[in-house]
Amino acid sequence: MPRSVAGWTIAVFGVMAVFFGVAGLISPETVAAGAGFDTVDGAGRTFATASSMASLNMGVYYLVATATEWRPFFMFTVPFRLLTFTVFTGLVVTEVAPAAFFGVAAWEAVGAVATGLGLWFDARRRSS
């Protein structure tokens, strides 16, 4: 079980990433459709499956970080999740990715802010 507020935010993201990774391995079409892609065949199906495997792996990394209360990892995720938000939003704005893909970007931003706030709250709690 997580031992801090920041740990809980990392755990929630980890569980969600594992869930979406497994779902995408079982049905890449479902995950791709949720991100706004119309069809997934050939290389698109391969890419959706590979992305799902990456999601599963990332989820496990996050859960291990939670189990060990690896705070440097928690801190590292905040700016890089904000970077992911920026890149994914840019893909939508430049019409490289469908508008529904902004949901992925928003998920990253919300996760970064939640973890950042959790780290701040934990630091204040420790100092008082």
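No experiment lies behind these values; they were computed from the predicted model shown.

A. Here's a closer look at the overall build of the protein chain. Scanning the protein chain from terminus to terminus reveals 5 helices and 0 strands. Reading the secondary structure of the protein chain in the N-to-C direction produces α-α-α-α-α. Residues counted as buried form 35% of the 128 residues belonging to the protein chain. Here the contacts in the protein chain between residues at least 6 apart in sequence split such that 73% fall between residues at least 24 apart. When the accessible surface of the protein chain is totalled, it reaches about 7500 Å², and 75% of it is carbon and sulfur. Across the protein chain, 7 positive and 7 negative side-chain charges occur, with their mean positions spaced 20 Å apart.

B. Region of interest: the environment of Gly 59. Turning to its location among the elements, Gly 59 is positioned in helix H3 (residues 43-67). Along the backbone, Gly 59 and Thr 77 are 18 residues apart, and their C-alpha atoms lie at a distance of 13 Å. The residues contacting Gly 59, other than those within four sequence positions of it, are Gly 14, Ala 17 and Val 18.

C. Molecular detail of the UniProt feature "transmembrane region" (unreviewed entry) in the protein chain. Following the UniProt record, one finds the feature "transmembrane region" (unreviewed entry) at residues 7-26, 46-64, 73-93 and 99-121. Taken end to end, residues 99-121 is 87% helix and 0% strand, and its two terminal C-alpha atoms sit 34 Å from one another.

D. Local environment of the side chain of Ser 55. Looking at the secondary structure, you find Ser 55 in helix H3. Ser 55 sits in the buried class, given a relative accessible area of 18%. Discounting chain neighbours no more than four positions away, the residues touching Ser 55 are Ala 17, Val 18, Phe 20 and Gly 21.

E. Layout of the packing of H3 against helix H4 (residues 71-93). As a packed pair, H3 and H4 sit with axes 10 Å apart at the nearest point and diverge in direction by 140°. Taking contact as the criterion, the partners of Tyr 62, Ala 65 and Thr 66 in H3 are, on H4, Phe 73, Phe 74, Thr 77 and Arg 81.

F. Spatial organisation of the packing of H4 against helix H5 (residues 102-127). For the pair H4 and H5, interaxial distance at closest approach is 8 Å and the crossing angle is 155°. Of the possible angle classes, the one that applies to H4 and H5 is roughly antiparallel. For the pair H4 and H5, the sense of crossing is left-handed. For the contact of H4 with H5, the per-class residue count stands at 15 nonpolar, 6 polar and 5 charged.

The rules behind these values
- Counting of residues starts from 1 at the beginning of each chain's written sequence and follows it residue by residue.
- Only residues with pLDDT of at least 70 get local features here, since the model is predicted, and only at 80 or more are side-chain atom pairs given and counted; chain-wide, interface and lining totals rely on the full set of residues.
- Here the side-chain values reflect all heavy atoms present in the structure, with hydrogen atoms and water set aside.
- Numbering of helices and strands runs from the N terminus; a helix is a DSSP stretch of H or I covering at least four residues, while a strand is a stretch of E covering at least two.
- Three exposure classes are used, based on accessible area relative to the maximum for each residue type with a 1.4 Å probe and protein chains only: buried under 20%, partly exposed in between, and exposed over 50%.
- By the convention used here, residues are in contact when the closest approach between their heavy atoms is within 4.5 Å.
- All accessible-area figures derive from a Shrake-Rupley calculation using a 1.4 Å probe, and residue coverage is judged against the displayed protein chains alone.
- Counted as positive: Lys and Arg. Counted as negative: Asp and Glu. His and the chain ends are not counted at all.
- Working definition for charges: the position is that of NZ of Lys, CZ of Arg, CG of Asp or CD of Glu.
- UniProt positions are given in the numbering used here, feature names are shortened, and annotations may be inferred rather than shown by experiment.
- To get an axis, fit a line to the C-alpha atoms, keeping to the stretch in contact for a helix; angles then go from 0 to 180 degrees between the N-to-C directions.
- Working rule for angles: under 35 degrees goes down as roughly parallel, over 145 as roughly antiparallel, 65 to 115 as roughly perpendicular, anything else as oblique.
- Note: crossing handedness is left-handed where the near helix turns anticlockwise from the far helix by less than a right angle, and right-handed where it turns clockwise.
- Side-chain classes follow a simple rule in which Ala, Val, Leu, Ile, Met, Phe, Trp, Tyr, Cys and Pro form the nonpolar group, Asp, Glu, Lys and Arg form the charged group, and the remainder, Gly included, forms the polar group.

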